[in-house]
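Here's the letter readout for the chains.
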Amino acid sequence: MDPDRALLEAARAARERAYAPYSRFRVGAALRTPGGRVYRGCNVENASFGLTICAERVALQTAVAEGERAFEAVAIDAGQAAPTPPCGACRQVLAEFGVDLRVLLAADPPVVLRLGDLLPRSFGPGDLPPPAEARS
Ligand code: THU
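These figures come from a predicted structure and were not determined experimentally. (Residues numbered from 1 in each chain as written. Predicted model: local features only at pLDDT ≥ 70, side-chain atom pairs only at ≥ 80, totals over all residues. Heavy atoms only, no water.)

A.B. asks: I would appreciate a short explanation of the nonpolar core in the present structure.
C.D. replies: If you look at the biggest cluster of nonpolar residues, it comprises 20 residues, and the most contacted ones within it are L31, V74, L94, L101 and V103. Contributions of two or more residues to this core are made by β1 (28-32), α2 (55-65), β3 (73-77), α3 (88-95), β4 (102-105) and α4 (115-118). For this core, the element with the highest residue contribution is α2, accounting for four residues. Not counting residues up to four positions away in its chain, the partners in contact with L94 are L31, E56, L60, V74, L101 and L115. (Core = buried A, V, L, I, M, F, W, Y, C linked by side-chain atoms within 4.5 Å. Buried < 20%, exposed > 50% of the residue type's maximum accessible area, 1.4 Å probe, protein only. Helix = DSSP H or I, 4+ residues; strand = E, 2+ residues; numbered from the N terminus. Contact = heavy atoms within 4.5 Å.)

Shown next, in the form of structure tokens:
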């Protein structure tokens, strides 16, 4: 199967695991590395609503925890007819690892975007001063 189609399929499957009893808005995300590994995430809500985490950040943080640092595409499926774009917080968190990330939004046909176009002039690792020299 075409890798982008497979990634959208993984996001659709990840959506099944969403824990969204408050909003009932279930989201799945799938992130692909250059080596072809795919990491899935779903939104996980909380009774303390502000502690909810989006599907995209769950996928990214799962991948990083597994040792990944490079990503080429993320697919997002919220089960809607219209494409659901990532929220601002997720754009920022994804941008940490590169604004050339391709963003695939489930729809018919799917919408393909570049993260840097969704978050122009973003603040990133290169905006911080170099770490101070270690003191002896
Ligand atoms: N949500 C995501 O998981 N990803 C998005 O890109 C947009 C919003 C979740 C958060 C919350 O659980 C629900 O969707 C409604 O905002």
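A.B. asks: I would appreciate a short explanation of the environment of L118 in the present structure.
C.D. replies: Mapping L118 onto the fold places it in helix α4. Taking the C-alpha atoms as reference, L118 lies 9.8 Å from Q92; in sequence the two are 26 residues apart. Apart from the residues lying within four places of it in its own chain, the contact partners of L118 are P86, R91, V103 and L113.

A.B. asks: Could you clarify how one ought to interpret the site of the ligand in this entry?
C.D. replies: Neighbouring the ligand are S23, F25, V27, N43, E45, T52, C54, A55, E56, P85, P86 and C87. Within the side chain of N43, a nitrogen or oxygen atom sits 2.9 Å from an oxygen atom of the ligand. Within the backbone of A55, one N or O atom sits 3.0 Å away from an oxygen atom of the ligand. When the free accessible area of the ligand is taken as 370 Å², the share hidden by the protein chains comes to 79%. (Near = heavy atom within 4 Å. Polar contact = N/O pair within 3.5 Å; in protein donor to acceptor, adjacent residues only side chain to side chain. Areas by Shrake-Rupley, 256 points an atom, 1.4 Å probe, with all protein chains shown as cover.)

A.B. asks: How should I be thinking about empty space enclosed by the protein in this particular structure?
C.D. replies: If you roll a probe as big as a water molecule over the atoms, it shows you where there is empty space left. Counted according to the given criterion, the structure contains one cavity of 30 Å³ or more. When its volume is computed, the largest cavity comes out at roughly 30 Å³. L31, L60, F71, L94, F97 and L101 are the residues that line the largest cavity. Partitioning the lining of the largest cavity into residue classes produces six nonpolar, no polar and no charged. (1 Å grid on protein atoms, 1.4 Å probe; cavity = no way out; pocket = protein on both sides within 12 Å on 5 of 7 lines; lining within 4 Å. Points joined across faces, edges and corners; volume = space filled by probe spheres on them. Nonpolar A, V, L, I, M, F, W, Y, C, P; charged D, E, K, R; others polar.)

A.B. asks: Any chance you could explain the side chain of R32 here in plain terms?
C.D. replies: With respect to the helices and strands, R32 occurs in strand β1. Only 3.2 Å separates the side chain of R32 from the backbone oxygen of P3, close enough to count as a polar contact. Within the local environment of R32, its side chain forms a polar contact with the side chain of D4, the two groups lying 3.1 Å apart. Not counting chain neighbours up to four residues away, the residues in contact with R32 comprise P3, D4, L7, R37, V38, F71, E72, A73 and R102.

A.B. asks: How do you make sense of unusual backbone geometry when you look at a structure like this?
C.D. replies: Most peptide bonds adopt trans geometry, and most residues besides glycine take a negative phi value. In this structure, the amide linkage connecting D108 to the following residue, P109, adopts the cis form with an omega of 0°. Mapped onto the secondary structure, P109 falls in the loop between β4 and β5 (111-114). For R24, which is not glycine, the phi torsion reads 60° and is therefore positive. Take R24: it is sitting in the loop between α1 (3-15) and β1. Judged by relative accessible area, which is 66%, R24 ranks as exposed. Of note in the backbone geometry, R121 takes a positive phi value of approximately 50° without being a glycine. Mapping R121 onto the fold places it in the segment after α4.

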